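Each chain, letter by letter, is given below.
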Amino acid sequence: MKNLILTLIMLVLISCGTDQGEGTYYEYTIINNSGKNIKINSYRNSYPKRDTPTTIDLQYGDELTKSFKDDLPPRGYDFAVFFQGDSIIINYNNERKKILTFPTENDRNPFFYTGTDVTFTFTQQDYENAEPCNGNCD
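The following paragraphs examine the structure supplied in this document. (Residues numbered from 1 in each chain as written. Predicted model: local features only at pLDDT ≥ 70, side-chain atom pairs only at ≥ 80, totals over all residues. Heavy atoms only, no water.)

1. Details of the side chain of Asp 126
And step 1. Considering the arrangement of structural elements, one finds Asp 126 in helix α3 (residues 124-129).
And step 2. A polar side-chain atom of Asp 126 sits 2.4 Å from a polar atom in the side chain of Arg 108.
And step 3. With sequence-adjacent residues up to four places away left out, Asp 126 is seen in contact with Tyr 92, Arg 108 and Thr 121. (Helix = DSSP H or I, 4+ residues; strand = E, 2+ residues; numbered from the N terminus. Polar contact = N/O pair within 3.5 Å; in protein donor to acceptor, adjacent residues only side chain to side chain. Contact = heavy atoms within 4.5 Å.)

Have a look at this one:
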């Protein structure tokens, strides 16, 4: 009887705890409305450093969505997880390129955008603001 009471007390203590809730869902989308096909090479300059880029090819008019679930305890996500890095080179049809890094204060940089459901659109203006690279954009 003593063992039964002790076992019940232990079970109650083990099952008690704070309600951790559920993780947060994040959905990030990029849209290519630049008028050109784009290739995005993503690098990681922070630890662990990655020299070989992760590449995303996005045809004009296409979009790409990635979803993530934050576990508990929450760590929070931003567009850096979408690109799997902290810097990107956007190559506009091998005509122009733009280098963007994280963190940044530039509102035309996807790394600047935070939230749980975020869409970033590459526009014709982004293409025009990119620097010419004369076919050597990589």
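2. Some points on the pattern of salt bridges
And step 1. Under the defined criterion, the tally for this structure stands at two salt bridges.
And step 2. Where Glu 95 meets Lys 36, a salt bridge forms, and the shortest distance between an N and an O atom there is 3.3 Å. Separated by 59 residues along the polypeptide, Glu 95 in the loop between β5 (87-92) and β6 (96-101) and Lys 36 in the loop between β1 (25-33) and β2 (38-44) bring together distant segments of the chain.
And step 3. A relative accessible area of 29% places Glu 95 in the partly exposed class.
And step 4. On the basis of relative accessible area, Lys 36 is assigned to the partly exposed category, the value being 22%. (Salt bridge = Lys/Arg side-chain N within 4 Å of Asp/Glu carboxyl O. Buried < 20%, exposed > 50% of the residue type's maximum accessible area, 1.4 Å probe, protein only.)

3. Notes on the nonpolar core
And step 1. Formed by 24 residues in total, the largest nonpolar core has its most connected members in Tyr 28, Ile 30, Ile 40, Phe 79, Phe 83, Ile 90 and Phe 122.
And step 2. For this core, the elements supplying multiple residues, two or more each, are β1, β2, β3 (50-58), α2 (79-83), β5 and β7 (117-123).
And step 3. When residues in this core are grouped by element, the largest group, five residues, is from α2. (Core = buried A, V, L, I, M, F, W, Y, C linked by side-chain atoms within 4.5 Å.)

4. Points about the sheet that holds β1
And step 1. Read across the sheet, three strands follow the order β4-β1-β7 without closing on themselves; strand pairing throughout is mixed. Both outer strands of the open sheet, β4 (63-69) and β7, are each paired with one neighbouring strand and no more. Pairs of neighbouring strands in the sheet enclose a mean axial angle of 15 degrees, with direction left out of account.
And step 2. Here β1 runs beside β4; their pairing, made up of seven bridges, is antiparallel. By the bridge assignment, Tyr 26 is partnered in β4 with Phe 68. (Pairing = 2+ DSSP bridges. Axes fitted to C-alpha atoms, helices over the stretch in contact; angles between N-to-C directions.)

5. Overview of the sheet that holds β3
And step 1. If you trace the five strands from one edge of the open sheet to the other, you get β3-β2-β5-β6-β8, paired in antiparallel fashion. The open sheet is flanked by β3 and β8 (131-132), the only strands paired with a single partner.
And step 2. Bridging between β2 and β3 involves six bridges; their strand directions are antiparallel. Bridge pairing links Ser 42 to Thr 54 in β3.

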